[in-house]
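# Structural features, examined
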Protein chains: 2
Amino acid sequence: MPKEVKTDIWGALADSTRREVLLLLRSRPHTAGELADQFELTAATVSHHLAILRGCGLVRVERRAQTLIYSLATEGLEEVFAFLRLFVRGKRK
Amino acid sequence: MPKEVKTDIWGALADSTRREVLLLLRSRPHTAGELADQFELTAATVSHHLAILRGCGLVRVERRAQTLIYSLATEGLEEVFAFLRLFVRGKRK
DNA sequence: ACTATTTTTAGAAGAAAATCAAAATAAGGA
DNA sequence: TCCTTATTTTGATTTTCTTCTAAAAATAGT
């Protein structure tokens, strides 16, 4: 299956295409092709972004026949949240 | 005064030195020199990181005589929070 | 005016990231 | 087996970041 590449979640979130992918996956899982269609980038480039999101565990992938289905796996965002919370203590709503 | 350079807050947060600066400023304002001393980087490099944090409004700076005093300005983190909250709805604690 | 202190800016080198086109892989069907 | 579809990997190019050294700017004291 695809190769994992990156582990730094902050780096993964720094790219707007990857953040957009996460937003798209919020509604439902998408195939790699569906995701690629949403951007003015080649499928190869989007595939590369997906590899990075996989690498830090923000998405998971599952094969169904020829297609790869990507879905959200946001447990990893906890780390980011934990950092941010350090700066908004007292803002409990 | 110093020149502003960057506006992308996600990009600013992607660097571990800059995140560390934010953590240091959490306790109290620091001079540029104090901050530089915390890292194994030249003062010029740390100054550059500070310029980026300034550029996206995560810190503010004030001059006192020869020294520049940096302090936290985390209102900008709201944008990041807003994004993250989209993924943890239902996790209200 | 000169000097010392603190910090930033300018310029350059190296490393890392984003992107594309082309080739490779995986799976299914004729 | 050969062909088609879906996606990834490879290799190269370009752009963007990080970092340094050296020089410049700002301020205060003598």
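Residues numbered from 1 in each chain as written. Chains lettered and ligands numbered in written order. Predicted model: local features only at pLDDT ≥ 70, side-chain atom pairs only at ≥ 80, totals over all residues. Heavy atoms only, no water.

## Focus on the protein's contact with DNA strand C
Surveying the vicinity of DNA strand C reveals 28 residues, the closest of which are A:His49, B:Lys3, B:Gly33, B:Ser47 and B:Tyr70. Of everything in DNA strand C that lies within 4 Å of the protein, sugar and phosphate atoms constitute 80%. Taking A:His49, its side chain carries an N or O atom lying 2.5 Å from a phosphate oxygen of DNA strand C. Broken down by element, the residue count for the surface near DNA strand C peaks at five residues, all from helix α4 (residues 43-55) of chain A. Here the residues of the surface near DNA strand C sort into 11 nonpolar, 10 polar and seven charged. (Near = heavy atom within 4 Å. Polar contact = N/O pair within 3.5 Å; in protein donor to acceptor, adjacent residues only side chain to side chain. Helix = DSSP H or I, 4+ residues; strand = E, 2+ residues; numbered from the N terminus. Nonpolar A, V, L, I, M, F, W, Y, C, P; charged D, E, K, R; others polar.)

## Side note on the interface of chain B and chain A
Interfaces are often sized by the accessible area lost when the parts come together. Listed per partner, the contact involves 22 residues of chain B and 22 residues of chain A. Buried surface at the junction of chain B and chain A, summed over both partners, amounts to about 2100 Å²; 79% is from carbon and sulfur atoms. Area buried by chain B at its contact with chain A is led by B:Trp10, B:Phe81 and B:Phe87, which between them contribute 29% of it. At the boundary of chain B and chain A, one finds zero salt bridges. (Contact = heavy atoms within 4.5 Å. Buried area = accessible area lost by both parts, 1.4 Å probe. Salt bridge = Lys/Arg side-chain N within 4 Å of Asp/Glu carboxyl O.)

## Focus: helix α5 (residues 77-85) of chain A
Listing the buried residues of α5(A) in full gives A:Leu77, A:Val80, A:Phe81, A:Phe83 and A:Leu84. On an axial view of α5(A), the arc spanned by its buried residues comes to 160 degrees, and they lie on one face. Those residues of α5(A) hidden inside the fold are in contact with α1 (9-13) of chain A together with α1 (9-13), α2 (16-27) and α5 (77-85) of chain B. (Buried < 20%, exposed > 50% of the residue type's maximum accessible area, 1.4 Å probe, protein only. Arc of directions from axis to C-beta.)

## Some details on the side chain of B:Ser71
Residue and element names in this part refer to chain B. Secondary-structure assignment places Ser71 in strand β3 (residues 67-72). On the basis of relative accessible area, Ser71 is assigned to the buried category, the value being 18%. Filtering out sequence-adjacent residues up to four positions away, Ser71 remains in contact with Leu25, Pro29, Leu58, Val59 and Arg60.

## Overview of the pattern of salt bridges
Residue and element names in this part refer to chain B. Taken as a whole and judged by the stated rule, the model has four salt bridges over all chains. For the salt bridge of Glu78 with Arg85, the shortest nitrogen-to-oxygen distance reads 3.4 Å. Of the residues examined, Glu78 reaches a relative accessible area of 29% and is grouped as partly exposed. On the accessibility criterion, Arg85 (34% relative accessible area) is partly exposed.

## Some thoughts on the environment of B:Arg18
All names here are of chain B. Residue position: Arg18 is located in helix α2. Sequence spacing of Arg18 and Ile52 is 34 residues, and the spatial spacing of their C-alpha atoms is 8.5 Å. Every residue in contact with Arg18, bar those within four places of it in the chain, is listed here: Gly11, Ala12, His49, Ile52 and Leu53. A polar contact of 3.1 Å, which involves the side chain of Arg18, links it to the side chain of His49.

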